[in-house]
Amino acid sequence: MPPSIVAQMLRTGLYTAIIGRSVRYYQSTGSTMDDVAQWARDGADEGGVIVAETQNSSRGRLGRRWISDSGNLYFSVLFRPTADELPLLCPLAGVAVARSIRQVAGVYPQAKWPNDITIDGRKVAGILAESAMSGNRIEHAVVGIGVNVALDVSSDPEITATAVSINDLAEFPVDRGELLRRILQHMDALYLDLRRGRSPIPEWRRWLDTLGQRVQVSHHGVNNSGLAEDIDENGNLRLRQDDGQLLTLTAGDITLRSVEGEPIAHA
């Protein structure tokens, strides 16, 4: 059996203060999100990471299916954030993933609000954050990341037009261990910055291609259309409706629309 991507990563060296204090690798599991949540309940320290080669019960936002074939990158990270830090974990992870793809693959990704990384409008990575509360106290948060490194998008009609793999765009086989190492190191640096009061939002805003586009958002069963004007300090979308009113929306089901009004992407 070839060495795991964690072994490949550790050979190069993972120089972090919090993220990656402990790393576990599974050849196959149900969901790294569930595994890390259980690890947290068992008392694991913040920064623990679980990486899997394949998952058979993986999920994206709103319970959507996430294909977890071998050859890609699937992992989840344990955080024990404050209430102020919690809403910034997804933007933080988005910045880390976008930076790392750019550095390792030499292609320029963009972020799509609220949790996708895209290249030329097609999804290359997704981010999912879940938290557990005890009363008003945050017990833990788990951030899961899936990156299409070698995914054969032509094998599934559901994703052929909406997803893409890094290898196809880079035109060479990307080193998954190096990509994982870069993402974890960037997450660590950004999380340390966040603890010092420096938000990832300004940089995340620069990666976003959603801003300035006309979008339709289904939010708690209500459809809203307008211009994606900005994001606030917590990463919420500021939508300028056609009647001029400004709505602030938390992560919802968003469909981007072109000037002609035809759907061009879907979260």
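One can find the structure itself at the top, above this paragraph.
Anyway, here's the lowdown on the structure attached to this text.

Cut-offs used in this document
- Residues numbered from 1 in each chain as written.
- Predicted model: local features only at pLDDT ≥ 70, side-chain atom pairs only at ≥ 80, totals over all residues.
- Heavy atoms only, no water.
- Helix = DSSP H or I, 4+ residues; strand = E, 2+ residues; numbered from the N terminus.
- Buried < 20%, exposed > 50% of the residue type's maximum accessible area, 1.4 Å probe, protein only.
- Polar contact = N/O pair within 3.5 Å; in protein donor to acceptor, adjacent residues only side chain to side chain.
- Contact = heavy atoms within 4.5 Å.
- Arc of directions from axis to C-beta.
- Core = buried A, V, L, I, M, F, W, Y, C linked by side-chain atoms within 4.5 Å.
- Phe/Tyr/Trp six-rings, centres within 6.5 Å; stacked < 30°, edge-to-face > 60°.
- Salt bridge = Lys/Arg side-chain N within 4 Å of Asp/Glu carboxyl O.
- Pairing = 2+ DSSP bridges.

Before going further, it helps to spend a moment on the side chain of Thr 29. Within the fold, Thr 29 resides in strand 1 (residues 23-29). Taking relative accessible area as the criterion, Thr 29 reaches 10% and is therefore assigned buried. Looking at Thr 29, its side chain comes within polar contact range of the side chain of Asp 35, at 2.6 Å. What Thr 29 contacts, discounting residues up to four positions off in sequence, is Asp 35, Ala 52, Thr 54, Gln 55 and Asn 56.

Next up on the list: helix 2 (residues 32-41). Buried within helix 2 are the following residues: Thr 32, Met 33, Val 36, Ala 37, Trp 39 and Ala 40. Here the buried residues of helix 2 occupy an arc of 160 degrees about the axis, which is enough to place them on one side. Contacts made by the buried residues of helix 2 are with strand 1, strand 2 (49-55), strand 3 (73-79), strand 6 (122-134) and strand 7 (137-147). A side-chain oxygen of the first residue of helix 2 lies 3.2 Å from the backbone nitrogen of Met 33; this N-cap is Ser 31.

Generally speaking, soluble globular proteins have nonpolar side chains that are buried together. Of all hydrophobic cores here, the largest spans 60 residues; its most connected members are Phe 75, Ile 101, Ile 145, Val 147, Ile 183 and Met 187. In terms of residue count, helix 3 (residues 89-105) provides more of this core than any other element does, 11 residues in total. Among the nonpolar cores identified, the runner-up in size contains 10 residues, and Trp 39, Ala 40, Ile 50 and Leu 78 belong to it.

Okay, the packing of aromatic side chains next. The tally for this structure, following the rule as stated, stands at two aromatic pairs. Taken together, a centroid distance of 4.9 Å and an interplanar angle of 80 degrees make the contact between Phe 79 and Tyr 191 edge-to-face. Of this pair, Phe 79 sits in strand 3 while Tyr 191 is found in helix 5 (residues 176-195), placing the two residues 112 residues apart along the sequence. Relative to Trp 207, the ring of Tyr 108 has its centre 5.2 Å away and its plane inclined at 25 degrees; by these criteria the two rings are stacked. Of the two residues, Tyr 108 is situated in the loop between helix 3 and strand 4 (110-112) and Trp 207 in helix 6 (residues 201-207); the sequence distance between them amounts to 99 residues. Residue Trp 207 is classed as buried on the basis of its relative accessible area, which comes to 10%.

A separate point is the pattern of salt bridges. Throughout the structure, instances matching the rule amount to 12 salt bridges. Notably, a salt bridge pairs Glu 53 with Arg 176, separated by 3.2 Å at the nearest N-O pair. Residue Glu 53 is located in strand 2, and its partner Arg 176 is located in helix 5; the two are separated by 123 residues in the primary sequence. Just as Glu 53 is buried, Arg 176 falls in that class too. With its nearest N and O atoms 3.3 Å apart, the salt bridge here joins Arg 196 to Asp 193.

Take the pairing of strand 5 (residues 116-119) next. Along strand 5, one buried face is formed by Asp 116 and Thr 118 and the opposite face, lined by Ile 117 and Ile 119, is buried too. When strand 4 meets strand 5, the two strands line up antiparallel, connected through three bridges. Bridging across to strand 5, Gln 110 finds its partner in Thr 118. Here strand 4 folds back onto strand 5 in antiparallel fashion, the turn holding three residues. Examined bridge by bridge, strand 5 and strand 6 share four bridges and lie antiparallel to one another. The partner of Ile 117 across the bridge, within strand 6, is Ala 125.

Right, let's talk about the side chain of Asn 167 for a bit. Following the sequence through the fold, Asn 167 ends up in helix 4 (residues 166-170). Relative accessible area serves as the criterion here: at 19%, Asn 167 is assigned to the buried category. In this view, Asn 167 contacts Val 149, Ala 150, Phe 172, Pro 173 and Val 174; residues no more than four positions away in its chain are not counted.

Remember that the coordinates give geometry; whether it matters functionally is a separate question.
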